[in-house]
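# What the coordinates show
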Amino acid sequence: MTVNHQLSAADLTLGYGDRTIVDKLSIDIPPGKFTVIVGANACGKSTLLRGLARLLTPSAGTVYLDGRAIHQMPTREVATLLGVLPQTPVAPDGITVADLVGRGRYPHQGWFRHWVAADDAAVATALQATDTLDLAGRAVDELSGGQRQRVWIAMALAQETELLLLDEPTTFLDINHQVEVLDLLTDLVQQRGRTVVAVLHDLNLACRYADHIVAMRDGKIAASGPPAEVVTAALVKSIFGMDAEVCDDPVSHTPMIVPVGRHRVKPRLKAAAE
Amino acid sequence: MSAASSFAPVGAVVAVRRRLQRRYGLVVLGLALLSLAVASLSMSIGDYPLPLADVVRSLLSPFTGNADAANDFIVLGVRLPRVMAGLLSGAAFGLSGIVFQTILRNPLASPDIVGITTGASAAAVLAIIIFKWSGLGVSVMACGGAVLTALLIYGLAWRNGVTPYRLVLIGIGMAALAGAVVSYLFTRARIMEVQEALSWLTGSLNGSTFENLTPLAVALLVLVPLAAVLSRSLRTLQMGDDAARALGTRVEFSRLGLILVAVLLAAFATAAVGPVSFVAFIAGPIARRLLGPSGNVLLPAALVGGLVTNAADFVAQHMLGRNQLPVGVVTGALGAVFLIYLLAAAHRSGRGG
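What counts and what doesn't
Residues numbered from 1 in each chain as written. Chains lettered and ligands numbered in written order. Predicted model: local features only at pLDDT ≥ 70, side-chain atom pairs only at ≥ 80, totals over all residues. Helix = DSSP H or I, 4+ residues; strand = E, 2+ residues; numbered from the N terminus. Buried ≥ 20, exposed ≤ 12 C-beta atoms within 10 Å, placed from the backbone. Contact = placed C-beta atoms within 7 Å. Rg over C-alpha atoms; globule rule 2.2 N^0.38 Å. Nonpolar A, V, L, I, M, F, W, Y, C, P; charged D, E, K, R; others polar. Pairing = 2+ DSSP bridges. Axes fitted to C-alpha atoms, helices over the stretch in contact; angles between N-to-C directions. Parallel < 35°, antiparallel > 145°, perpendicular 65-115°, else oblique. Left-handed = near helix turned anticlockwise from the far one by under 90°. pLDDT = per-residue confidence, 0-100. Expected span 1.5 Å × (residues − 1).

Within chain B, the regular secondary structure consists of 13 helices and 0 strands. The secondary structure elements of chain B, listed N-terminal to C-terminal, are α-α-α-α-α-α-α-α-α-α-α-α-α. Based on the C-alpha atoms only, the size of chain B along its principal axes is roughly 65 × 50 × 35 Å. The buried share among the 353 residues of chain B stands at 47%. For chain B, contacts bridging at least 24 residues in sequence account for 74% of all contacts bridging at least 6.

As structure tokens, then:
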């Protein structure tokens, strides 16, 4: 897979009602890479993702998909190129896993083109990739949180898009399931050449998994680039208003952030911080 | 499903889909057969009992020319229109109800609870008591009342878009308001007019003719295909606005279209037979329970609506002593019990509201 689609935004302003959340922001999503957006609560990272995914209409500025203004494109055409997993999708009562994942095929179907073998194949591939094939016949509301999240990701995968945008895909997951989901997304990038953009809360996992990290503060981009080049104690301080030590992650040799609070700090370190 | 997972991956997916399709087929077939059975009973039992063979002969007489004036009058002139009225209005109510409930993601959000049919009733009572109208005039007023109420609810609920929750709350308020209008009109009316208005308000298949069914039949011919086309986006709208939009659904357009179709279905059904209570409310959930977890519930809900209406009418006519009651009395009782069950079940599983 060498066809890479370009997603970018220029002077993008997003908000709800009169409230501006993202302010004249420009961004280029590197194709074929894993981009992670981080930032404090209410810094506008989810809003930016919703804007990039054309779920939110900008009050100014433009989002471009392959050079075309995304909000001018037929929404179904966009859905064949760009998949989105929103923060809180609703599983219809009692729906089975296979049926839910099958709904990811919606943009590929039409009034005259109904369910075909390719749809079954896409669903099966998505279930297999997320290790949920055994759950195919189960009801989604009977699943554990981790299983359910993997099923939602499978739905987005069944859409078979080059670009995949996920809003906090690891929230509510245990640490093992968080790592599992991030490994899966990395597989997509490395093995299938997909472009993945995710909003994440956990800074250390973000640093470990991101090819490209975007740090946001007050609706603007504070820094972006490869984590090893961008993530410093000063950046963490400016984004989260918190002291931290940045050291080497012994597993991945990426930056690892160790927060420094008021308590449980060894005297030597505390003195150094002051 | 443990057997399926030893198949190739695609096999497991296909197996699940086939299983759901088989169940869908069985449910539709079963409902159709039951509807046929109830219709047959309704056409053969009565003050003038007719063996089924005679019913069939009469039904075919326009084609065979094998006429029997008395039987043909009973079957073609009285009982067939009544059965058709039950089937068509029940189907319209059922379809309208399930579309509302699915779009608003709330089993309480059926047109008879969020005030659409109550709005139709207020307009109809206004026509009967103040304008002294009857027949077609009342039907037109009922239809207009339903549409006007829907517009009011949508307008009042609008605040940078419409959330399902606000629609339901404002709808329940509108139902109370329309109910108050009906009560007020009653205080201004003579007892004869109240009686006429009341029998309309209960919802009844009495005196159904092919003539007064024509508007409903034409409306169904237009609206059912529209509902079928729009039902594709209903499947994505169910998962929330963001998920639907992400999958390429034109959310506002589809939702408005679906609500419009559902309002018109309820309006025409109410205009034809009166606000037969709770059919719209119970048809969808019953169909969903029969169908199990997945599958398109629209056709089964329409079939359940028709079946429930005709079965309730049969009970009201033949099984409650010597008094023949309007069908709405029976569906009302049934619906009330179902409402309590639904609230209790929702409370137990923590999904109330």
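A separate point is the overall build of chain A. What chain A contains, in helices and strands, is 10 helices and 12 strands. Whereas a compact globule of 274 residues would reach a radius of gyration of roughly 19 Å, chain A reaches 20 Å, a difference of no more than 12%. Each of the three principal axes of chain A carries a C-alpha extent, and together these read 70 × 45 × 35 Å. With 274 residues in all, chain A has 45% of them scored as buried. Residue pairs in contact within chain A that sit at least 24 positions apart in sequence constitute 64% of those at least 6 positions apart.

With that out of the way, let us pick up the interface of chain B and chain A. Counting from both sides, the interface comprises 27 residues of chain B and, opposite them, 35 residues of chain A. Of all the elements in the fold, those that place two or more residues in the side of chain B that touches chain A are helix 1 (9-44), helix 8 (210-237) and helix 9 (241-246) of chain B. Top element by residues in the side of chain B that touches chain A is helix 1 of chain B. It accounts for 8 residues. For the side of chain B that touches chain A, a count of residues per class yields 14 nonpolar, 7 polar and 6 charged.

Residues and elements named next belong to chain A. Burial of strand 8 (residues 195-199) is extensive: 5 of the 5 residues sit out of reach of the surface. Of the two faces of strand 8, both are covered, the one formed by T195, V197 and V199 as well as the one formed by V196 and A198. Pairing geometry for strand 7 (residues 163-167) and strand 8, over 5 bridges, is parallel. Bridging across to strand 8, L166 finds its partner in A198.

Residue and element names in this part refer to chain A. With respect to the helices, strands and loops of the structure, R54 is situated in the loop between helix 1 (45-52) and strand 4 (60-65). Take R54: there are 24 C-beta atoms within 10 Å of it, and that puts it in the buried class. Considering only alpha carbons, one finds R54 and T232, 178 residues apart in sequence, at a separation of 32 Å. Dropping the residues within four chain positions of it, R54 is found in contact with V63, I70, H71 and V78.

Another point: the packing of helix 4 (residues 116-129) of chain B against helix 7 (residues 191-202) of chain B. Residue and element names in this part refer to chain B. At a minimum axis separation of 10 Å, helix 4 and helix 7 run at an interaxial angle of 155 degrees. The pairing of helix 4 with helix 7 is recorded here as roughly antiparallel in orientation. The interaxial crossing formed by helix 4 with helix 7 has right-handed handedness. Every residue of helix 7 that contacts helix 4 at S121, A124, V125, I128 and I129 is listed here: E193, E196, A197, W200 and L201. Within the contact of helix 4 with helix 7, the residues separate by chemical class into 7 nonpolar, 1 polar and 2 charged.

We now examine the confidence of the model for chain A. In low-pLDDT regions, the fine details of the predicted coordinates are not to be read closely. Summarising the model, chain A shows a mean pLDDT of 91, and 95% of its residues fall at 70 or more. By mean pLDDT, helix 10 (residues 267-273) of chain A is the weakest element of chain A at 63, and strand 8 of chain A is the strongest at 97.

Here we take up helix 1 of chain B. Counted at 1.5 Å a residue, the expected span for helix 1 of chain B with its 36 residues is 52 Å, and the 53 Å between its end C-alpha atoms agrees. A12, V13, V14, V16, R17, V27, L31, S35, V38, A39, S42 and M43 of chain B are the residues of helix 1 of chain B that are buried.

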